[in-house]
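This is what each chain is made of:
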Amino acid sequence: MDISSIDYSKFREILERQSGILLGDNKQYLVVSRLANFIKEHNVASLTELIDKIAIPSGASLLQKVIDRMTTNETLWFRDQYPFDFMKNAIIPALKKKGRSRIWCAACSSGQEPYSLSMLLHETMAQNSIEVLASDLSLKVLDKAKQGIYQDIELKRGMPKDRLNKFFTHIDDDNWQVNSAIRANVRYQPINLLKIPYTQGKFDVIFCRNVLIYFSQENKTKVLNALYNSLQPGGYLFLGASESLTRDCNPLEMVRCNPGLVYQKSE
Ligand SMILES: C[S@@+](CC[C@H](N)C(=O)[O-])C[C@H]1O[C@@H](n2cnc3c(N)ncnc32)[C@H](O)[C@@H]1O
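Please read these numbers as outputs of a predicted model, since none were measured by experiment.

*Asks:* I keep staring at helix α5 (residues 82-98) and nothing clicks. Help me out?
*Replies:* An α-helical turn contains 3.6 residues, so a residue and the one three or four places further along point in the same direction. With 17 residues, α5 should reach 24 Å at 1.5 Å per residue; the first-to-last C-alpha distance of 23 Å fits that figure. Maximal helix bending in α5 amounts to about 45 degrees, located at Lys88. Of the residues making up α5, those classed as buried are Pro83, Phe86, Met87, Ile91, Ile92 and Leu95. Directly after α5, the chain includes Gly99, whose backbone phi takes a positive value near 105 degrees.

If you want it as structure tokens, here you go:
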């Protein structure tokens, strides 16, 4: 399957407008590899026809499925470790003193990040006062996250044996399910970072990790400002280890957590 330069530029424009995901100039192969089978499965004659269908309002559900295919959902348990150490040693003790608090995992993929946080809340006896909202643009990963079922190969990516035994139930050969007590602390909701609803209120901590790398500077700034508005005064924002604030976004103070850093909104 080939993709013409006209189709590629139309597709890039739709994908970026709807999701923020920016495809580089030479990423035609990515579109072809992720959508070739999808086109066959959905009885669409060609990529040109698919693009025409998702460009109009009646193609909204097809567009959602295309976006599901185009997102990169790479994730792991306790990713990078330092955000979880800083949560455990500094942030959670302060939130416990404060009382009812909220954490938002704003691009949670298949659930490893919010469940890692929920496990930490249980280990620090903070599960009754701190709740986790977990969201993503992809409905496919949210469905998997809600089920909380993971294969051995996914658990090998960061889940230590003692936590596996404590927080999971072995349901068959290869599959383990996160225990209901850990799942109960996490509420899932589809949220597009480009359209963050004001109605969801403010959070004490936001994890928005390893997603802004896919966005343009302009969209990064837009999202960072929306996240700033969603933070309580004194609240913390964790970005991915290779991500940082943009020049034009609202100011957040950099706090070193050795290794790594976290951003804090002034009181
Ligand atoms: C690489 S994963 C990162 C998952 C997790 N935060 C971590 O660091 O392990 C990026 C996630 O961002 C989601 N995503 C991409 N664009 C988004 C958008 N506009 N709004 C919300 N989520 C988005 C993708 O669906 C994907 O699950």
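*Asks:* Would you mind going over the sheet that holds strand β7 (residues 203-208) with me for this structure?
*Replies:* Whenever strands of a sheet pair, they do so through backbone hydrogen bonds, lying parallel or antiparallel. Reading across the sheet, the seven strands line up as β6-β2-β1-β7-β8-β10-β9 and stay open at both edges, with mixed pairing between neighbours. The sheet terminates laterally at β6 (186-190) and β9 (253-256), the two strands that pair on one side only. The sheet shows a mean angle of 25 degrees between the axes of neighbouring strands, direction not considered. Pairing of β7 with strand β8 (residues 231-239) involves five bridges; the strand directions are parallel. When the sheet's bridge partners are listed, Ile206 is paired in β8 with Leu237. Of the strands in this sheet, β1 (101-105), β2 (130-136), β7, β8 and β10 (261-264) touch α5, which is tilted by about 160 degrees from β7. Against the sheet, helix α6 (residues 112-123) contacts β1, β2, β6 and β7, and its axis sits at roughly 175 degrees relative to β2.

Calculation notes
- Residues numbered from 1 in each chain as written.
- Predicted model: local features only at pLDDT ≥ 70, side-chain atom pairs only at ≥ 80, totals over all residues.
- Helix = DSSP H or I, 4+ residues; strand = E, 2+ residues; numbered from the N terminus.
- Expected span 1.5 Å × (residues − 1).
- Bend = angle between axes of the 7 residues up to and from the residue.
- Buried ≥ 20, exposed ≤ 12 C-beta atoms within 10 Å, placed from the backbone.
- Pairing = 2+ DSSP bridges.
- Axes fitted to C-alpha atoms, helices over the stretch in contact; angles between N-to-C directions.
- Contact = placed C-beta atoms within 7 Å.

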